[in-house]
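# Analysis of the macromolecular model
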Amino acid sequence: MSEAELQKFPQHRFGQAFTTLKCDCPPYLLWLEKRLKATGTQMYTRKVADLWELHRAYDIVVNCTGMGAHQLVGDEQLFPVRGQVLKVHAPWVTQFIRDGDGLTYIYPGIHRVTLGGTREKGSWSLSPDAGTTRDIFDRCCSLEPSLQGAQDIEVKVGLRPSRQSVRVQREVLSQGGIKLPVVHNYGHGAGGFSVHRGTAKEAALLVEECISALQASSRAKL
């Protein structure tokens, strides 16, 4: 950033300005769902307590359950990193601002501006915290004072499914002589959007391996 640009942030001595892509995830997920349905993919909403509940209906299971994998497959390496953000109406804010440690940020979206945030490792709470809300708002206003005029403030809380490394892995479960191929793809933490296409392609290759193994097994039985 130039000296003139840095004058807007007197508490900082260095900054970078650049143009990048920004994705609004909710409409993006709806777009992905629409693409899937266009290929004939069927979608069902149900609660699954054990992967073996699916073995009669499906030859291969792809486990993308995020934090749910902690209980579903007993992954003790998976832990939550709680995040609390504010969604506000401030259409005059058109440029993103991110503080050095990445904990304070202002991200304009299609309809709302996101103010953040928190990284609370090990916290499972999905209840908004009023003190945290005030802290986030104050921090963001210190970067962009015009946010004092923001309206329709909405608080959002989520759990980032985190582990030391993303789990993209093929596994064959066995029970009473019955085998169930499973491909795991979860544990992306805060980087889900950044790496989701790459890990999805890797998971798809593992599914292809499962299909080949099932076909080879069927031929062997013949």
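Description of the structure in this document. (Residues numbered from 1 in each chain as written. Predicted model: local features only at pLDDT ≥ 70, side-chain atom pairs only at ≥ 80, totals over all residues. Heavy atoms only, no water.)

### Let's talk about helix α2 (residues 25-38)
Owing to its 3.6 residues per turn, the α-helix aligns residues three or four sequence positions apart on the same side. With 14 residues, α2 should cover 20 Å at 1.5 Å per step; its first-to-last C-alpha distance of 20 Å lies within 8% of that length. Just downstream of α2 lies Gly40, where phi reads positive at about 95°. (Helix = DSSP H or I, 4+ residues; strand = E, 2+ residues; numbered from the N terminus. Expected span 1.5 Å × (residues − 1).)

### Some words on the pattern of salt bridges
Across all of its chains, the model carries eleven salt bridges by this definition. We note a salt bridge from Asp24 to Lys22, for which the minimum N-O separation is 3.3 Å. By relative accessible area, Lys22 is classed as partly exposed at 45%. Residues Glu120 and Arg82 are paired through a salt bridge, measuring 2.6 Å at the closest nitrogen-oxygen approach. Of the two residues, Glu120 sits in strand β6 (residues 120-121) while Arg82 sits in strand β2 (residues 79-89), which places them 38 residues apart along the sequence. Residue classification places Glu120 among the partly exposed residues on the basis of a relative accessible area of 28%. (Salt bridge = Lys/Arg side-chain N within 4 Å of Asp/Glu carboxyl O. Buried < 20%, exposed > 50% of the residue type's maximum accessible area, 1.4 Å probe, protein only.)

### Some details on the packing of aromatic side chains
For the structure on display, the rule yields five aromatic pairs. Ring geometry for Tyr28 against Phe193: centres 5.6 Å apart, planes inclined by 85°, an arrangement best described as edge-to-face. Of this pair, Tyr28 sits in helix α2 while Phe193 is found in helix α5 (residues 192-221), placing the two residues 165 residues apart along the sequence. Note on Tyr105 and Tyr107: the rings are 4.9 Å apart at their centroids and 20° apart in plane angle, and the pair reads as stacked. For Tyr105, a relative accessible area of 12% translates into the label buried. Among the aromatic residues, those joined into a ring-pair cluster are Phe18, Phe96, Tyr105 and Tyr107. One cation-aromatic arrangement involves Lys121 over Phe79; the distance from NZ or CZ to the ring centre is 4.9 Å. (Phe/Tyr/Trp six-rings, centres within 6.5 Å; stacked < 30°, edge-to-face > 60°. Lys NZ or Arg CZ within 6 Å of the ring centre and 35° of its normal.)

### Brief notes about helix α4 (residues 130-143)
For α4, built from 14 residues, the straight-helix expectation of 20 Å at 1.5 Å per residue is met to within 8% by its first-to-last C-alpha distance of 21 Å. For α4, the complete set of buried residues consists of Thr132, Thr133, Ile136, Phe137, Arg139, Cys140, Cys141 and Leu143. The opening residue of α4 is Asp129, an N-cap whose side-chain oxygen sits 3.2 Å from the backbone nitrogen of Gly131. (Polar contact = N/O pair within 3.5 Å; in protein donor to acceptor, adjacent residues only side chain to side chain.)

### Section: the environment of Gln77
Tracing the backbone through its elements, the reader meets Gln77 in the loop between α3 (69-72) and β2. Counting along the chain gives 85 residues from Gln77 to Ser162, while the straight-line C-alpha distance between them is 8.3 Å.

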